[in-house]
Amino acid sequence: LTFGSLVAAGLPLITALVGVGIGSLGITIASGFADLSSMTPTLAVMIGLAVAIDYSLFIVSRFRHELTITSDRAEAAGRAVGTAGSAVVFAGLTVIIALMALSVVGIPFLSVMGYAAAFTVLMAVLIAVSLLPAVLGLFGEKAFAGRVPFLNKRGSDDDTPKAGAKFVGLITRRPAIPLVAAVVVLGALALPATGLNLALPSEATSDPATSARKAYDLVDEGFGPGRNGPLVVVVDTQDADVEAPVAFGAVVGKLYENDEVVNAQIVAVNEAGDTAQILVTPRSGPTDPTTMDLVQSIRDGETELNEEFGLSYGVTGQTALEGDVSDSLQSALAPYLAVVVGLAFILLMLVFRSILVPLTATLGFLLSVLATFGATVAVFQEGWGGLIANPQPIVSFMPIILIGVVFGLAMDYQVFLVTRMREDYVHGASALEAVRSGFAHGARVVSAAAIIMISVFAAFIAEPDSLIKS
């Protein structure tokens, strides 16, 4: 639909597959030297394939335009790389920054996933600015052979793209109206994000049809939801001012003061008799926010018992561990955003020699990511529209990955559109004319790139893994 040519349709796909293939091969080799999670190759292929097709698409589109100006295929390929290729490099850098910055979170497997995906994106960029222009220079006009009859007109690239020009003319005539409308719509989409609830995958979030989930539900029904997520309090009385049994009893008594505790009992004592494990059954289930409030309440109570008896204790168990990981990831969101946005702002400022362009890109990204969070919470956590049969809390590390992916895409499309606008401005057009002509030339290919990206990601909805699916 974009090129009206079967050959041109295949070129971005073939070069993208080459880049992703090299990236996947590198990840496979790396698995011989480091431990990688099972999701790492899938995520890397998903992101790598999407950006690789997009980057190739932009260069092929610019090459087609240059062929309308010069008949020298080598010069046309060179101009395509010098213009669209430069934009691809900077766009790729922003995506790589976002993925590499996953190491800021401090969770090793997330860092490895970021490195693997960033490597695949790097391969995609290198292939797009090396192999692709070589192939285009070799083929020349034949790169757009195999015309589809009813798309011939659309496949041409003259200097007056009608639909894009009409649309941007409408937008720039009264810019305040579409600006406010976009902010209001994205803001409305973002509202469900206020109820974001994070948890790690477990029996509680698994498919109701699995035997593990059925067993979980039977225990929940027969013994209460807390039985599926008991807490373990480990009490140390080595420095206590009273005898160990008295100190253990004081902790049990303190635990029963909390209405959210159904049962608390000593289940093990070490040989020295100075350390005990107390099993605590909460009233609420492991994914219920009330359970994590209970964990925090128990931890807060240690200070009082320490002052009175000289004992110390800690709260552990699978439920507490998962809650701590989720809290760590949630608290890492702000620093991660700051690093990613800050570095990209500097990069865009250097590219465009402007403050306003990086600022609009950053604000646009923040609105996009908030709207994406809202839609994700609405569909996967709240079950809106009945699209998900088993609504559950969002996987704890999904928001961090989501920020990296959405950031990369938001910056990609901003760079491609504004690069063309700036190019026209540098060549003498007024600011308004440059915005209109740059948008008119880039809108079709950016729209096609976005549809391709959506299609690539949509293909992974069939994955059984809840993180990949969401």
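Residues numbered from 1 in each chain as written. Predicted model: local features only at pLDDT ≥ 70, side-chain atom pairs only at ≥ 80, totals over all residues. Heavy atoms only, no water.

All right, on to the overall build of the protein chain then. In terms of regular secondary structure, the protein chain is built from 17 helices and 6 strands. Its C-alpha atoms put the protein chain at 95 × 50 × 40 Å along the principal axes. Looking at the protein chain residue by residue over its 470 residues, the buried ones come to 47%. Intrachain contacts of the protein chain at a sequence separation of at least 6 include 76% that bridge at least 24 residues. Carbon and sulfur atoms make up 65% of the accessible area of the protein chain, which totals about 22,300 Å². (Helix = DSSP H or I, 4+ residues; strand = E, 2+ residues; numbered from the N terminus. Buried < 20%, exposed > 50% of the residue type's maximum accessible area, 1.4 Å probe, protein only. Contact = heavy atoms within 4.5 Å. Areas by Shrake-Rupley, 256 points an atom, 1.4 Å probe, with all protein chains shown as cover.)

Taken in spatial order, the 4 strands make up an open sheet running 3-4-2-5, and their pairing is antiparallel. Strands with a single pairing partner mark the edges of an open sheet, and in this sheet they are strand 3 (261–269) and strand 5 (312–316). Going from strand to strand, the sheet's axes swing by 25° on average, the running direction of each strand aside. Pairing geometry for strand 2 (residues 231–236) and strand 5, over 5 bridges, is antiparallel. Considered in strand 5, the bridge of V235 is made with Y313. (Pairing = 2+ DSSP bridges. Axes fitted to C-alpha atoms, helices over the stretch in contact; angles between N-to-C directions.)

Between its first and last C-alpha, helix 10 (residues 244–256) extends 19 Å over 13 residues, near the 18 Å set by a 1.5 Å rise per residue. Burial in helix 10 covers these residues: A244, A247, F248, A250, V251, V252 and L255. (Expected span 1.5 Å × (residues − 1).)

Here we take up the side chain of Q414. Its place among the elements puts Q414 in helix 15 (residues 398–426). Reaching out from Q414, the side chain makes a polar contact with the backbone oxygen of V357 at a distance of 3.5 Å. (Polar contact = N/O pair within 3.5 Å; in protein donor to acceptor, adjacent residues only side chain to side chain.)

What follows is about the environment of Q392. Secondary-structure assignment places Q392 in the loop between helix 14 (356–381) and strand 6 (394–395). Taking relative accessible area as the criterion, Q392 reaches 14% and is therefore assigned buried. Considered as a pair, Q392 and S24 are 368 residues apart in the sequence and their alpha carbons are 31 Å apart.

Take the side chain of R420 next. With respect to the secondary-structure elements, R420 resides in helix 15. Buried R420, no salt bridge; nearest opposite-charge side chain is D424, N-O distance 4.1 Å. Ignoring any residue separated from it by four or fewer positions in sequence, one finds R420 in contact with R62, H65, G438 and H441. (Lys, Arg positive; Asp, Glu negative; His and termini not counted. Salt bridge = Lys/Arg side-chain N within 4 Å of Asp/Glu carboxyl O.)

What follows deals with the packing of aromatic side chains. Inspection of the entire model under this criterion finds 5 aromatic pairs. Relative to F416, the ring of F58 has its centre 3.5 Å away and its plane inclined at 25°; by these criteria the two rings are stacked. A residue pair is termed long-range when its members are at least 10 positions apart, and F58 in helix 2 (residues 39–67) and F416 in helix 15 qualify at 358 residues. Owing to a relative accessible area of 6%, F58 belongs among the buried residues under this scheme. We classify F416 as buried; its relative accessible area is 8%. Cluster of aromatic residues (ring-pair linked, three or more members): F3, F63 and F144. (Phe/Tyr/Trp six-rings, centres within 6.5 Å; stacked < 30°, edge-to-face > 60°.)

On to empty space enclosed by the protein, then. Across all of its chains, the model carries 1 cavity of 30 Å³ or more by this definition. Around the largest cavity sit I47, A50, V51, V95, L99, G404, V405, G408, L409, M453 and F457, which together line it. When residues of the lining of the largest cavity are assigned to their parent elements, the largest contribution, 4 residues, is made by helix 15. Of the residues contributing to the lining of the largest cavity, the split by class is 9 nonpolar, 2 polar and no charged. (1 Å grid on protein atoms, 1.4 Å probe; cavity = no way out; pocket = protein on both sides within 12 Å on 5 of 7 lines; lining within 4 Å. Points joined across faces, edges and corners; volume = space filled by probe spheres on them. Nonpolar A, V, L, I, M, F, W, Y, C, P; charged D, E, K, R; others polar.)

This next bit is on a nonpolar patch on the surface. Judged by side-chain polarity, I14, V18, I22 and L131 come together as a nonpolar surface patch covering roughly 300 Å² of accessible area. Per-element tally for the nonpolar patch: the top contributor is helix 1 (residues 6–30), with 3 residues. If you trace the backbone, L131 turns up in helix 5 (residues 131–139). (Patch = residues over 30% accessible without salt bridge, like charges linked within 9 Å, V, L, I, M, F, W, Y side chains within 5 Å.)

Another point: the pairing of strand 2. As judged from the 6 bridges shared by strand 2 and strand 4 (residues 275–282), these two strands associate in the antiparallel manner. From the neighbouring strand, D236 faces strand 4, where its bridge partner is T275.

Here we come to the pairing of strand 3. The sheet contact formed by strand 3 and strand 4 spans 7 bridges and is antiparallel. Across the sheet, A264 pairs through a bridge with V280, a residue of strand 4. What sits between strand 3 and strand 4 in their antiparallel hairpin is a turn of 5 residues, with G273 showing a positive phi close to 80°.

What follows concerns the nonpolar core. Soluble globular proteins tend to pack their nonpolar side chains together in the buried interior. Ranked by internal contacts, the top residues of the largest apolar core, which has 99 residues, are Y55, F63, L110 and F397. Looking at which element gives the most residues to this core, the answer is helix 15, with 16 residues. When sequence neighbours within four positions are dropped, the list of residues in contact with Y55 reads V88, A91, G92, V95, V125, A128, D412 and F416. Judged by nonpolar contacts, the second largest core, of 25 residues, contains F248, A276, M292 and A320. (Core = buried A, V, L, I, M, F, W, Y, C linked by side-chain atoms within 4.5 Å.)

Moving on, we get to the pattern of salt bridges. Under the defined criterion, the tally for this structure stands at 8 salt bridges. Of the charged contacts, one joins E75 and R79 as a salt bridge, the two residues approaching to 2.6 Å between their closest N and O atoms. Taken together, the residues E75 and R79, both in helix 3 (residues 73–100) and 4 residues apart, mark about one turn of the helix. The exposure class assigned to E75 is partly exposed, which follows from its relative accessible area of 34%. The closest approach of N and O atoms between D324 and R299, which form a salt bridge, is 3.0 Å. Linking D324 in helix 13 (residues 318–352) with R299 in helix 11 (residues 289–300), this pair joins segments that are 25 residues apart in sequence. Overall, D324 belongs to the partly exposed group, its relative accessible area being 28%. By relative accessible area, which is 27% here, R299 ends up partly exposed.

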